[in-house]
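# A look at the structure
Each chain, written out:
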Amino acid sequence: GAVVSQHPSWVICKSGTSVKIECRSLDFQATTMFWYRQFPKQSLMLMATSNEGSKATYEQGVEKDKFLINHASLTLSTLTVTSAHPEDSSFYICSASGTGGNTDTQYFGPGTRLTVL
Amino acid sequence: RKEVEQDPGPFNVPEGATVAFNCTYSNSASQSFFWYRQDCRKEPKLLMSVYSSGNEDGRFTAQLNRASQYISLLIRDSKLSDSATYLCVVNTRGSTLGRLYFGRGTQLTVWP
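The rules we used
Along each chain, residue indices are assigned from 1 in the same order as the chain's sequence is written. Here every chain gets a letter starting at A, and every ligand a number starting at 1, in the order they are written. Since the coordinates come from a predicted model, pLDDT governs what is reported: local features require at least 70, and pairs of side-chain atoms require 80 or more to be given and counted, while whole-chain, interface and lining totals use all residues. Hydrogen atoms and water are omitted, and side-chain values are computed over all heavy atoms in the structure. Any two cysteine sulfur atoms within 2.5 Å of one another count as a disulfide. The secondary structure listing takes helices from DSSP runs of H or I that are at least 4 residues long and strands from runs of E that are at least 2 residues long, numbered from the N terminus. Exposure categories follow from relative accessible area, calculated using a 1.4 Å probe and restricted to protein chains: below 20% of the type maximum is buried, above 50% is exposed, and the middle band is partly exposed. Salt bridges are identified by distance alone: a Lys or Arg side-chain nitrogen within 4 Å of an Asp or Glu carboxyl oxygen.

### Let's talk about the state of the cysteines
- Within this structure, the stated rule accounts for two disulfides over all chains.
- The disulfide that involves A:Cys23 links it to A:Cys94, with 2.0 Å between the sulfurs. Classification of the bridge connecting A:Cys23 and A:Cys94 rests on its S-S torsion, roughly 80°, and on that basis the disulfide is right-handed. Highlighted residues: A:Cys23 in strand E3 (residues 19-25) and A:Cys94 in strand E9 (residues 90-99), separated in sequence by 71 residues.
- Among the cysteines around B:Cys40, which has no disulfide bond, A:Cys94 carries the closest sulfur, lying 19 Å off.
- On the basis of relative accessible area, B:Cys40 is assigned to the exposed category, the value being 67%.

### Focus on the pattern of salt bridges
- A full pass over the atoms with the stated rule returns six salt bridges over all chains.
- Between A:Glu22 and A:Arg24 there is a salt bridge, and its shortest N-O distance comes to 3.4 Å.
- Judged by its relative accessible area of 23%, A:Glu22 is partly exposed.
- For A:Arg24, a relative accessible area of 34% corresponds to the partly exposed category.
- Across the pair B:Arg59 and B:Asp82 runs a salt bridge whose closest N-O atoms are separated by 2.8 Å. Here the residue B:Arg59 occupies a position in the loop between strand E6 (55-57) and strand E7 (60-65), and B:Asp82 occupies one in the loop between strand E8 (70-75) and strand E9 (84-91), the gap between them amounting to 23 residues.
- When its relative accessible area of 22% is taken as the criterion, B:Arg59 is described as partly exposed.
- Look at B:Asp82 and you get buried, because its relative accessible area is 2%.

Okay, here's the thing in structure tokens:
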């Protein structure tokens, strides 16, 4: 079945640093990738949708200059949290859909837990 | 108003019990409905889709009432391994493609 990986699985960083999270589709071409954020005991909230080769579409309230998304290839999307602060600490999950596998399905990565000190 | 509302629980039940979760959604244009399961510190995983006619998968039964914009999940003969958070998910498209709306989840703990 279709597999989506994320790296790193967890990261701890100091306030003010930038953190890059990678999302890869391992056995299919992901034409669309989604980035979610989940705070403790809260629902997954969509941050942005990215289509390969074009700019990401951000949800209302999500700062595009703070959360940089790059979907440069059909198997890789990256989310960079710039100048991270403690309030950015969260569980970041990507998902992907596209050709191969079941094209009617969105596949989730295992998530990246970010802790900003 | 949130797109998807769920009772957060927690539900604590003994093994073998039957437990039911409910969910309501606000967008009448929603086309597809799902229950996902999320284990602690893990990504959500699709448990089952929900159809108007109701559908069953082993011990799990899902129901959809479009008129009331209400979705339910029934778990019979609960197992310890059923302990997780159950997410009600709604989509305006007829699949899991596109923008999914997640409820905050209902936490279930099954005890021996």
